[in-house]
Amino acid sequence: MDRRLAIKNLAAGALLVSAWALLTACQPDRPKFHGIDITGVDYARDLRVRDFNGQPRTLADFRGKVVVIFFGYTQCPDVCPTTMGEMLRVKQLLGADGDKLQVLFLSLDPERDTPEVLKAYMGSFDPGFLGLYAGSADELAALAKDFKVFYKKVEGSTPGSYTMDHTASSYIYDPQGRLRLVSRYGTRPEDVAADVRQLLGGA
């Protein structure tokens, strides 16, 4: 490569780096979360389902609260009850702000998770937690696709028995209804509560 051209390229590169650094320095610091920050993604922006009372629900119903959405099923032996128990702990850790957290459990098992079953299941954790269900198998599939949630029915050892393999992460929305975080299964309730506090504070 020509020496003068190489020097010009290096100089141009240095200018670009300097300009990027200057622009970055002018931007406010992004909040530091324990969960995965996915602010601005173009999926999982809303849902149209029913709660266990048969009432139609969208994210707009919970404006002003931090919303946590988890996809699961009531006969899940471990991940789902553990997650709901941890969400209860998060609510407790928030103290007076606990009522500003809305936990939504969206069933991936319409065959067994009737509204009555969902209501009893959620009530065993917290009466404020809502169980939700899609109107049909096709609607559930479309919803799971929009949220990038994997689920699959796995036949059991006896006729009619089965489990569900599924994504175990939770989606967290800020009080304006914007998807902000993905919380991995197993994240400490203290860390989730810290993230919720930041979102309630306007982060």
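Residues numbered from 1 in each chain as written. Predicted model: local features only at pLDDT ≥ 70, side-chain atom pairs only at ≥ 80, totals over all residues. Heavy atoms only, no water.

**What about the packing of aromatic side chains?**
Per the counting criterion, the structure on display carries five aromatic pairs. Counting every residue linked through ring pairs, the aromatic cluster contains Phe70, Phe105, Tyr121 and Phe125. A cation sits over an aromatic face here: Arg112 above Tyr162, 3.6 Å from the ring centre. Residue placement shows Lys153 over the ring face of Tyr162; its charged tip is 4.3 Å from the ring centre. (Phe/Tyr/Trp six-rings, centres within 6.5 Å; stacked < 30°, edge-to-face > 60°. Lys NZ or Arg CZ within 6 Å of the ring centre and 35° of its normal.)

**Considerations on the environment of Ile69**
Secondary-structure assignment places Ile69 in strand E4 (residues 66-72). Between the alpha carbons of Ile69 and Tyr173 there is a distance of 8.3 Å; along the sequence they are 104 residues apart. Every residue in contact with Ile69, bar those within four places of it in the chain, is listed here: Leu47, Leu59, Leu104, Phe147, Ser169, Ser170, Tyr171 and Tyr173. (Helix = DSSP H or I, 4+ residues; strand = E, 2+ residues; numbered from the N terminus. Contact = heavy atoms within 4.5 Å.)

**Section: the pairing of strand E10 (residues 179-183)**
Summarising burial for E10: five of the five residues are buried, a large majority. Bridge count for strand E1 (residues 36-37) against E10 is two bridges, and the pairing is antiparallel. What sits directly across from Asp37, in E10, is Leu181. (Buried < 20%, exposed > 50% of the residue type's maximum accessible area, 1.4 Å probe, protein only. Pairing = 2+ DSSP bridges.)

**Side note on the nonpolar core**
One finds Leu47, Ile69, Phe71, Met84, Phe147, Tyr171 and Tyr173 to be the most contacted residues of the largest nonpolar core, which totals 54 residues. Top contributing element to this core by residue count: E4, with six residues. Those residues in contact with Tyr171 that lie beyond four places of it in its chain are Tyr43, Val67, Val68, Ile69, Phe71, Phe147, Lys148, Val149, Leu179, Leu181 and Val182. (Core = buried A, V, L, I, M, F, W, Y, C linked by side-chain atoms within 4.5 Å.)

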